[in-house]
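# Structure at a glance
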Amino acid sequence: MKQQVGGKVERMRLRMLGASALMVLLAACGEHPPRDDDEDDPAPPPAPAISIVAGDVNTAGNTNATGAAARFRAPSGIAIDTAGNLYVADTGNFTIRRITPAGVVTTLAGSAENPGSINGTGAGARFRNPVALAIGPDNILYVGDNALVRRVNTAGQVDTFTEILIGNNVDSRSYASVYVAGLAVDSRANVIVANGHSTRRITQNGAVTMFEGTQLLNNVSGTRIYNQRGVAVDKSDNVYVFSLEATIARTNGSNTLSVLAGAPTQRGSADGTGSAARFEQVVALALDPQGNVYAADNVNNLVRKITSAGVVTTAAGTLKSTTLATGALPGSFPNITGLTTDGKGNYYATTGHAVIKIVLP
C-alpha cells in the first residue's frame, strides 16, 4: 500500500516536471513556431564611414592589383556602371582604370607614361590629359581629354565623340579655358560639357544647346588656369552645374540656369540656405534618388549636401584637411577630385592617389 502511494507521488512529480518544461519551451518560442530563415530581420545598414577602395593616398604609381595594393597617379574623374564597376580617369598615368566591386584594379584603356591623342583599343589608345569622366545609359564612358570628348566602351575601344572648338584670336596660354572641365550624360545620351567659359549640351548628332557662356572663346589673351567644374543630371534630365559664378545652379526643365545655392562670385565654406552658402571649387557633383545634390568641394576638401530647397550642409570631411582619416564620419581627406554614387548611400571619391568609399546616412 505504501509502495502504491509512493508510485502515484512519483508519477505526479514527473507530470509536473513535464508541464514546466513545456511552459519554458513555449515561452522561449514566443508561443509561435520558429520562423523560416528568409523571415529573419534584415541586416542593419552599414554605419556611416570612410574607407579605402583602392590605392594609397600618399603613394603614386601604376600598379594593377587589388585594393590598397593598387597604385594610381593623381586620379580625378570617377564614374560607376550598373554592375557596380568603378571607372577612374587616372590623370597622371594617362589611362582609364576599372575597379570591380571586389576591388580588383585593371587598366581599361591608355598606356602609362605614353601620352597622346590616339584612338584605339586598350593599351593601343592614348590620352593626353584625361580628367572629367561620365557614363552614359549604355555604359559608354565619356572622357574629357583637353579639348576632346573621347568615348570608351566596356572592351576598352576608344574613339572621339567631339572636339570643343577654341575660337578666333585666342592666346595659346588661354586654351585651358576651352579644355573640358566637367562631364555628364543624360538618359538620352546627350553629353553635358562644362569648361572655363561655358556649359553646353551636345546631342549624339552634334547639335549644341548653350546653358551659360558662349560657344566659342574669341579674342582672349593671357594665361588662364584650368579648373574642374562639377556637372550632373537628374532622372528628369535637369542639369546641375557648378556655375561660372561659383554657385550650384540647375535648369529645372528649361535651358536656363537658376541658382540653387551659393552667391555669385563669392567663395568660401559656409553652410546655409540659398545665397547664405559658399563653395570654393566644386569639381564634381552627384545626385541621390531623392534629388539631393552632393558636391566635391576641392580646396575646402569637403563633401557638401544640397537639398532641393537649397539647404547646404557638410556631409563628410574636415575643412582644408591634408590627411586621410578613415572610419566614422566626418573623417577627413586631402584634395578631392572626383565623386560618384551608386544611388544606395555609397559615394566614391578620388583623393590624393587613391579611391575612397564614403557611406552617408
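Residues numbered from 1 in each chain as written. Predicted model: local features only at pLDDT ≥ 70, side-chain atom pairs only at ≥ 80, totals over all residues. Heavy atoms only, no water.

### A look at the overall build of the protein
Note the following rule: For the purposes of this entry, the term helix denotes a DSSP run of H or I that reaches at least four residues, the term strand denotes a run of E that reaches at least two, and both are numbered from the N terminus. Accessible area is worked out with a 1.4 Å probe on protein chains only. A residue is then buried under 20% of its type maximum, exposed over 50%, and partly exposed in between. Two residues qualify as a contact provided that any one of their heavy atoms is within 4.5 Å of a heavy atom in the partner residue. Note that accessible areas follow from Shrake-Rupley with a 1.4 Å probe, and for residues the cover is restricted to the protein chains shown.
When you go through the protein residue by residue, the secondary structure sums to one helix and 26 strands. When burial is assessed residue by residue, the protein has 49% of its 361 residues classed as buried. Sequence separation of 24 or more characterises 46% of the internal contacts of the protein that already satisfy a separation of 6 or more. Accessible surface computed for the protein: about 16800 Å², of which carbon and sulfur atoms make up 52%.

### A short note on the sheet that holds strand β21 (residues 302-306)
To keep it simple, the criterion reads: By this definition, two strands are paired if DSSP reports at least two bridges between them.
Pairing in this open sheet of five strands is antiparallel, and the strands run β18-β22-β21-β20-β19 from one edge to the other. Of all strands in the sheet, those bounded by a partner on one side alone are β18 (272-273) and β19 (281-287). Bridge count for β21 against strand β22 (residues 311-316) is four bridges, and the pairing is antiparallel. Paired with V303 across the bridge in β22 is A316.

### Quick notes on the environment of Q215
Residue position: Q215 is located in the loop between β13 (208-213) and β14 (231-233). A relative accessible area of 39% places Q215 in the partly exposed class. For the pair Q215 and S198, spaced 17 residues apart in sequence, the C-alpha separation works out to 6.9 Å. Excluding its chain neighbours within four sequence positions, the residues that come into contact with Q215 are L165, H197, R200, V208 and M210.

### A word on the confidence of the model for the protein
Inclusion rule: For every residue, the predictor states its confidence as a pLDDT score lying anywhere from 0 to 100.
Averaged over every residue, the pLDDT of the protein is 91; the share at 70 or more is 88%. Note that residues 1-39 has pLDDT below 50 and, in this model, two contacts with residues that lie over four places away or in other chains.

### Here we look at the side chain of N301
Note the cut-off: Contacts described as polar in this section are N or O atom pairs within 3.5 Å, which, within protein, must combine one atom able to donate a hydrogen with one able to accept it, while residues neighboring in sequence count only if both atoms come from side chains.
Position of N301 relative to the elements: it lies in the loop between β20 (293-298) and β21. Here N301 falls in the buried class, since its relative accessible area comes to 7%. A polar contact is formed between the side chain of N301 and the backbone oxygen of S321, at a distance of 2.7 Å. Ignoring sequence-local partners within four residues, the contact set of N301 consists of G317, T318, K320, S321, F333, P334, N335 and I336.

### So, the sheet that holds strand β1 (residues 49-55)
Pairing in this open sheet of five strands is antiparallel, and the strands run β23-β1-β26-β25-β24 from one edge to the other. Each end of this open sheet is capped by a strand with a single partner; those strands are β23 (327-328) and β24 (336-341). Pairing analysis gives six bridges linking β1 to strand β26 (residues 354-359), with the strands arranged antiparallel. Within β26, the residue paired with I52 across the bridge is I356.

### Focus: the side chain of R71
Quick reminder of the rule: When charges are counted, Lys and Arg contribute as positive and Asp and Glu as negative, whereas His and the chain ends are disregarded. What makes a salt bridge here is a side-chain nitrogen of Lys or Arg within 4 Å of a carboxyl oxygen of Asp or Glu, nothing more.
Here R71 shows up in the loop between β1 and β2 (78-80). For the buried R71, which has no salt bridge, the nearest side chain bearing the opposite charge is D56, at an N-O separation of 4.6 Å. In terms of polar contacts, R71 uses its side chain to reach the backbone carbonyl oxygen of A68, at 2.6 Å. When near neighbours in sequence (up to four residues on either side) are disregarded, R71 contacts G55, D56, T59, A60, G61, N62, T63, D90 and R97.

### Regarding the pattern of salt bridges
Under the counting rule described, the total for this entry stands at nine salt bridges. R188 is the partner of D186 in a salt bridge, and the nearest nitrogen-oxygen pair spans 3.9 Å. With relative accessibility at 54%, the residue R188 sits in the exposed group. The closest approach of N and O atoms between D237 and R188, which form a salt bridge, is 3.5 Å. Residue D237 is located in the loop between β14 and β15 (239-242), and its partner R188 is located in the loop between β10 (182-185) and β11 (191-194); the two are separated by 49 residues in the primary sequence.

### Some points on the pairing of β21
Each regular strand shows side chains that alternate between the opposite faces of the sheet. Burial of β21 is extensive: four of the five residues sit out of reach of the surface. In terms of strand pairing, β20 meets β21 through five bridges, oriented antiparallel. Across the sheet, Y294 pairs through a bridge with K305, a residue of β21. Counting the residues in the hairpin turn of β21 and β22 gives four residues, including G310, whose phi is positive at 85°.

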